[in-house]
Number of protein chains: 4
Amino acid sequence: MTDFIPTPALPAPDIVRSAYMELVVTDLAKSRAFYVDVLGLHVTEEDENTIYLRSLEEFIHHNLVLRKGPVAAVAVAAFRVKSPAEVDAAEAYYRELGCRTERRRDGFVKGIGDAVRVEDPLGFPYEFFYETTHVERLTRRYDLYSAGELVRLDHFNQVTPDVPKGRKYLEDLGFRVSEDIKDSDGVTYAAWMHRKQTVHDTALTGGDGPRMHHLAFATHEKANIIAICDKMGALRISDRIERGPGRHGVSNAFYLYILDPDDHRIEIYTQDYYTGDPDNPIVTWDVHDNQRRDWWGNPVVPSWYTEASLVLDLDGKPQAVVKRTESSEMAVTVGADGFSYTREPGEERGFKMGSQL
Amino acid sequence: MTDFIPTPALPAPDIVRSAYMELVVTDLAKSRAFYVDVLGLHVTEEDENTIYLRSLEEFIHHNLVLRKGPVAAVAVAAFRVKSPAEVDAAEAYYRELGCRTERRRDGFVKGIGDAVRVEDPLGFPYEFFYETTHVERLTRRYDLYSAGELVRLDHFNQVTPDVPKGRKYLEDLGFRVSEDIKDSDGVTYAAWMHRKQTVHDTALTGGDGPRMHHLAFATHEKANIIAICDKMGALRISDRIERGPGRHGVSNAFYLYILDPDDHRIEIYTQDYYTGDPDNPIVTWDVHDNQRRDWWGNPVVPSWYTEASLVLDLDGKPQAVVKRTESSEMAVTVGADGFSYTREPGEERGFKMGSQL
Amino acid sequence: MTDFIPTPALPAPDIVRSAYMELVVTDLAKSRAFYVDVLGLHVTEEDENTIYLRSLEEFIHHNLVLRKGPVAAVAVAAFRVKSPAEVDAAEAYYRELGCRTERRRDGFVKGIGDAVRVEDPLGFPYEFFYETTHVERLTRRYDLYSAGELVRLDHFNQVTPDVPKGRKYLEDLGFRVSEDIKDSDGVTYAAWMHRKQTVHDTALTGGDGPRMHHLAFATHEKANIIAICDKMGALRISDRIERGPGRHGVSNAFYLYILDPDDHRIEIYTQDYYTGDPDNPIVTWDVHDNQRRDWWGNPVVPSWYTEASLVLDLDGKPQAVVKRTESSEMAVTVGADGFSYTREPGEERGFKMGSQL
Amino acid sequence: MTDFIPTPALPAPDIVRSAYMELVVTDLAKSRAFYVDVLGLHVTEEDENTIYLRSLEEFIHHNLVLRKGPVAAVAVAAFRVKSPAEVDAAEAYYRELGCRTERRRDGFVKGIGDAVRVEDPLGFPYEFFYETTHVERLTRRYDLYSAGELVRLDHFNQVTPDVPKGRKYLEDLGFRVSEDIKDSDGVTYAAWMHRKQTVHDTALTGGDGPRMHHLAFATHEKANIIAICDKMGALRISDRIERGPGRHGVSNAFYLYILDPDDHRIEIYTQDYYTGDPDNPIVTWDVHDNQRRDWWGNPVVPSWYTEASLVLDLDGKPQAVVKRTESSEMAVTVGADGFSYTREPGEERGFKMGSQL
């Protein structure tokens, strides 16, 4: 049933890592209060329409661009490539895929040079760049280190109706899958894939799309994530904590999901694992495994399955959202129609984990 | 409507702290696996019917007695008193209250000497003792320190229908209230009270009682509590994690609630605050404050409100449970009939917190 | 050789806890930068001569008074007593001891009411008070919580030539010893004693005195203390880190010692243990045990043994310092004349710890 | 003065990461007690002469081989390469360098297949392999997770007399330098270089060599490292803690150095930073910067500069050690002849850090 995206003949660009996201926000001051005052991201520069923010250990210009606009959406998910020539490679690759592309030698935002933006085959706005302004790497600026300090951008997460289709396209692009969720009928509900040596740079969550599920930042320790929750409680914005904190089954990271003023979802994440070996073992989870998304079996709130941010095309218009036709993970695991279990029936303990090594 | 328990003329015993609980468990081996293998409590001694366990920093004989029996229940909640004479004082005090008491010079369990047990006015089995065998204090035994090490017994929590009635009785007994939950109609839903210098040695949770809500142990750090959750996930017993982990509003402690094989509830708790000054400010929470029980606004699972352990009388028979007639906290805050809020209507932030200083 | 201080006939005041210290500092702005900007203590109030600071969980007016003056010294170590009547008791007690006392119904500093200050038998300026202005208890103000947040005042530490003499006087005053350091000849090098239920409210360190060795604040977790070190590194004031961080043998707490601009020593401390039972086991350490002061055997820098702050008399003049005649701990453990060991000779492991239970 | 190692014409093997070290130990039982009982490394397999150990998140056969032998030494530092063909590439590359090589299709140790070992131009025994037995990846085995759990092998550290010579050779091999220590005369004291995306897979420490300075394992959190120190104190082997714990200037990691029964040095390390971008900023430290090796200015114990393990040639004989002729870091920073400073003279704060971005 899946219509696969063909594999281009041209080589894929050499992608290094997920680097920044550009979010359109409806109230720049409210967003600034959230990202700077609450989360402590560091301002590289700003003007009345745009704020450029970065995490503590970042040395490129920014990890997050907040741009004021009428409709909240994700304008781009940007990846850094290995060299200037790889920007050319990206442009050629997507043209071969028949995608709309736009190239700007001076970049689309401040602090980024030569870049190409594309409307990718799944409908997502991607950017590929190499040139960027180097800024002070705040790694040792412990005088600026807050109790809930965000130290790196870790990944994106995208909602798309057909996960295997998206997976093949991303694998052709050079991403390697680290973990996925399937059922015994072969339906794939989600997949995580990486270029850098962590569990993921992006992931595909099965659902109505294209929409952006979340952007994730990393902390050093679990207590930093708890500090963010505590602070949101103190500010009486605990209703912006959507899910967690908890321990993921997939990725093994300690996590938290919060919502910004436009309901863009942000994940705070720490301590996943090294995936840099070529034969890194893939972990496949059964969708009915109650510990796959939260290792402690805490429920996934329905909004986490249903809500996500619109994404824009290269004209800045929201992309139409296509419904997922395969089983919804929420439907098969939550509520009267769904079921999940901690142990296989009849097993005192243990649970078949699929291809995990 | 409340029928208050009269204040005795005799002085209350000088209670030092909550010291141990005696639990009747239906399968001693399964309970041992839970408390020793999973939670890492240390065995002081054991035989085929009883296991005596203690936490890392304890120097008295035990903090927990597991005794095999046909019906899972709490046999006693035991407090240490300041001297041998205070055992006499306890016996006399409860006799004046008209309670059934039993005195055993050689104690009711191993490792405890002269003690008096009572069926208290709320129907709970209390014990008061001074003499106890000193055992090796494992404080510096880092060679025995697990990732989720339990370092102290912190408190008991009791379910009783009439909280103000119970509060007065416990205040007469010398307990001081640190925090409570009320509504604008004057209904008290719960209260926390202490003898030692932490938030509580016991608490009263409004509901059908007498039943024991939980027994709590403390850890050094929040990550120790996360480690317990992680381990329960690895053992595929995450379904025994009932609620949490999270940050309490009341007490400000980081917490977790888990269930033992008999569904006795155990709380793991850390980093509440000092209450030793005579004018320690009492904190009163509004029952509709969504951050009172979990500071992050995470829901309290219904079972946490409804389930609790039976308690025994001095003959070892389960005490009859009396229904609470006042509003149930669950009913006023959970589900269609209940409501709770993070901020007062019309308030950007903040929430009236009552008598908090 | 020891001339003991006689035991008064009058009852000792009921002391609740170590509450605040008043420090004379030579440059108020520099001290403010240290205590407020670096350490994050919270300002209750201030004027051009004095700053009143408190820790996060404090509800009385202050834990630290910085008062500008020509000579850096400790003006007072103040204890809270249980009631107004205990201020009378303190005054009478010290008069019976033949000490100089001064009573001020309106207190000696802002935020404190009726108080008595004394020049105690060891030459230390103590204050006893009950009345104090209650201020906002910042416990749940996670929006103000820094990475190295100081949450409570924990204790004082005093240098005095004759530790057994000081110990008896403090025991008469109602302090209970939790731990000490001795040698096989009966020389006592140091002792720790408490009123609240932690390891100490004050301690006696054998040496030339009276001088104040340090003031200690507590954090919630060990990582908070590491954050303070990291921040001092980032500010390029790592040379103000005097000793640590490390794990104490005595007290079992994780610790750090730093120096303020006047070389007043501040300890940052966390996770010692409960001492509230009347028969709390006393731990005696052998002075030659290499793990007594740092559990990991890291050396105690000589300045830690030799340097301390002057203390003032009630006229604000520095007290004359008397030399210790007994063995110096540094001399017997550090350098060519000193020796310390991790294990008893001939023992693969273990080390005789004295009276520890 | 430096005689550089020529750059081969053949391509360097594609090295993925530092993978394992083979240590010759004189008493296998004592070593087992150290690595398994104290440090908690996991046994993959063992016999009477050899033990194969791995860290928690490892999926290849082992990270550490302990082999019984008469002289304590390092037998090999092994790197994983990207594919079987890269083993061929490594063999050819080192032959072109004129190094002695030995190829074994069935590997040199259990769990490793086709591998080539070399006596490299600096005198170090390196191994390059791809094939390895996959074993259970214990990442989620929280039931096996100790308080001081070692989760990954992080790096090697090698002592060599001529750091620039070694640096060029390793850069030719494909390593990229992340940080180094120099002085204003151009002397290089040490350099850190990586293949995976952390600060280093190996480093060159200037000194008499070839000798192996240390092998490092990573933990998740700083408290895990503190737990190791605490446990060594409890076991009364604190004299095997050589240096630390502390925060590194170079790498920004939290660290600890301990000594095994043969005085092989092990580092425990956590939370350095991402180096995966092609233009990762190099950080150069001034050798006189007192915060370069310990960010808090704590001294580097002389043994850390002087002691290291012998390395073996391919016949199993210890390599002769050549003396360093350039300035010794210890001599220029420690003791009467050395000097280091926290701030540049005349600077209130700050310290010129060289090429750090």
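Residues numbered from 1 in each chain as written. Chains lettered and ligands numbered in written order. Predicted model: local features only at pLDDT ≥ 70, side-chain atom pairs only at ≥ 80, totals over all residues. Heavy atoms only, no water.

J.: I'd love a proper account of the sheet that holds strand S6 (residues 101-104) of chain D, names of residues and values included.
T.: All names here are of chain D. Reading across the sheet, the eight strands line up as S2-S3-S4-S1-S5-S8-S7-S6 and stay open at both edges, with mixed pairing between neighbours. Every interior strand has two partners, whereas the edge strands, strand S2 (42-46) and S6, have only one. The mean inter-strand angle of the sheet, taken between neighbouring strand axes irrespective of direction, is 20°. In the sheet, strand S7 (residues 115-119) pairs with strand S8 (residues 125-129) via five bridges, with the strands oriented antiparallel. (Pairing = 2+ DSSP bridges. Helix = DSSP H or I, 4+ residues; strand = E, 2+ residues; numbered from the N terminus. Axes fitted to C-alpha atoms, helices over the stretch in contact; angles between N-to-C directions.)

J.: Give a detailed account of the UniProt feature "domain: VOC" (unreviewed entry) in chain A, specifying residues and quantitative values.
T.: All names here are of chain A. Mapped onto the present numbering, the UniProt feature "domain: VOC" (unreviewed entry) falls at residues 17-131 and 152-271. Secondary structure within residues 17-131 divides into 21% helix and 41% strand; the distance between the first and last C-alpha atoms comes to 14 Å. Between the C-alpha atoms that bound residues 152-271 the distance is 12 Å, and the span itself is 19% helix and 46% strand. (UniProt positions renumbered as here; feature names shortened; annotations may be inferred.)

J.: Which residues make up the interface of chain D and chain A, and what values go with them?
T.: Tallying the contact residues gives 43 residues for chain D and 43 residues for chain A. For the pair chain D and chain A, the two sides together bury roughly 3,700 Å², of which 47% comes from carbon and sulfur. The largest contributions to the chain D side of the interface with chain A come from Arg137(D), Arg140(D) and Tyr274(D), which together make up 21% of the buried area. The interface formed by chain D and chain A contains ten salt bridges. Glu221(A) serves as the salt-bridge partner of Lys222(D), at 3.2 Å between the closest nitrogen and oxygen. There are 26 residue pairs in polar contact (both at pLDDT 80 or more) connecting chain D and chain A. Within the residue set of the side of chain D that touches chain A, elements represented by two or more residues are strand S1 (15-25) and strand S17 (283-286) of chain D. A class-by-class count of the residues in the side of chain D that touches chain A yields 16 nonpolar, eleven polar and 16 charged. (Contact = heavy atoms within 4.5 Å. Buried area = accessible area lost by both parts, 1.4 Å probe. Salt bridge = Lys/Arg side-chain N within 4 Å of Asp/Glu carboxyl O. Polar contact = N/O pair within 3.5 Å; in protein donor to acceptor, adjacent residues only side chain to side chain. Nonpolar A, V, L, I, M, F, W, Y, C, P; charged D, E, K, R; others polar.)

J.: Pulling in residues and values, what's your account of the sheet that holds strand S3 (residues 50-54) of chain A?
T.: Residue and element names in this part refer to chain A. Overall, mixed pairing links the eight strands, which are arranged S2-S3-S4-S1-S5-S8-S7-S6 in an open sheet. Taken across any chain shown, the strands that pair with only one partner, and hence form the sheet edges, are strand S2 (42-46) and strand S6 (101-104). When the angles between neighbouring strand axes are averaged without regard to direction, this sheet yields 20°. Looking at chain direction, strand S1 (residues 15-25) and strand S4 (residues 64-68) are connected through five bridges and run parallel. Among the inter-strand pairings, Val25 is bridged to a residue of S4, identified as Lys68. Against the sheet, helix H2 (residues 84-96) engages strand S5 (73-81), S6, strand S7 (115-119) and strand S8 (125-129), with an angle of about 160° to S6.

J.: Could you give an account of the relation of the copies chain D and chain A, with specific residues and numbers?
T.: Relative to chain A, chain D is turned by 180° and slid 0.0 Å along the rotation axis, the superposed coordinates differing by an RMSD of 0.0 Å. In symmetry terms, the pair is related by a two-fold rotation axis. If distances are taken from each C-alpha of chain D to the rotation axis, the shortest is found for Glu221(D), at 3.2 Å. In this assembly, 100% of the residues forming the interface of chain D have copies in chain A that are likewise at the interface, indicating an isologous arrangement. (Least-squares fit on C-alpha atoms with pLDDT ≥ 70 in both.)

J.: So what's going on with the packing of aromatic side chains? Residues and values would help.
T.: For the structure shown, the criterion picks out 68 aromatic pairs over all chains. Both rings, one in Phe79(B) and one in Phe128(B), keep their centres 6.0 Å apart while their planes meet at 20°; by these two values the pair is stacked. Of the two residues, Phe79(B) is situated in strand S5 (residues 73-81) and Phe128(B) in strand S8 (residues 125-129); the sequence distance between them amounts to 49 residues. For Phe128(B), a relative accessible area of 0% translates into the label buried. Both rings, one in Tyr255(C) and one in Tyr257(C), keep their centres 5.4 Å apart while their planes meet at 50°; by these two values the pair is tilted. Residue Tyr255(C) is classed as buried on the basis of its relative accessible area, which comes to 2%. By way of ring pairs, the aromatic residues Phe79(A), Tyr93(A), Tyr94(A), Tyr126(A), Phe128(A), Phe156(A), Tyr169(A) and Phe175(A) are connected into one cluster. Note that Arg243(C) overlies the ring of Trp304(C), its terminal NZ or CZ placed 4.8 Å from the centroid. Here Arg80(D) stacks its cationic end above the ring of Tyr130(D), 4.5 Å away from the centre of that ring. (Phe/Tyr/Trp six-rings, centres within 6.5 Å; stacked < 30°, edge-to-face > 60°. Buried < 20%, exposed > 50% of the residue type's maximum accessible area, 1.4 Å probe, protein only. Lys NZ or Arg CZ within 6 Å of the ring centre and 35° of its normal.)

J.: Would you mind going over unusual backbone geometry in detail, with residue names and values included?
T.: Residue and element names in this part refer to chain A. That bond from Gly209 to Pro210 is cis: its omega, 10°, falls within 30 degrees of zero. When you line up the elements, Pro210 lands in the loop between strand S12 (202-206) and strand S13 (211-218). Positive phi values are uncommon outside glycine, yet Asp263 reaches one of about 70°. For Asp263, the position within the fold is in the loop between strand S15 (254-259) and strand S16 (265-270). Classification of Asp263 as partly exposed rests on a relative accessible area of 46%.

J.: For the relation of the copies chain D and chain B, give the residues involved together with the corresponding values.
T.: Each copy superposes on the other: chain D lies on chain B with an RMSD of 0.0 Å after a rotation of 180° and an axial shift of 0.0 Å. Take the interface residues of chain D: 100% of them recur as interface residues in chain B, which is what a same-surface contact looks like.

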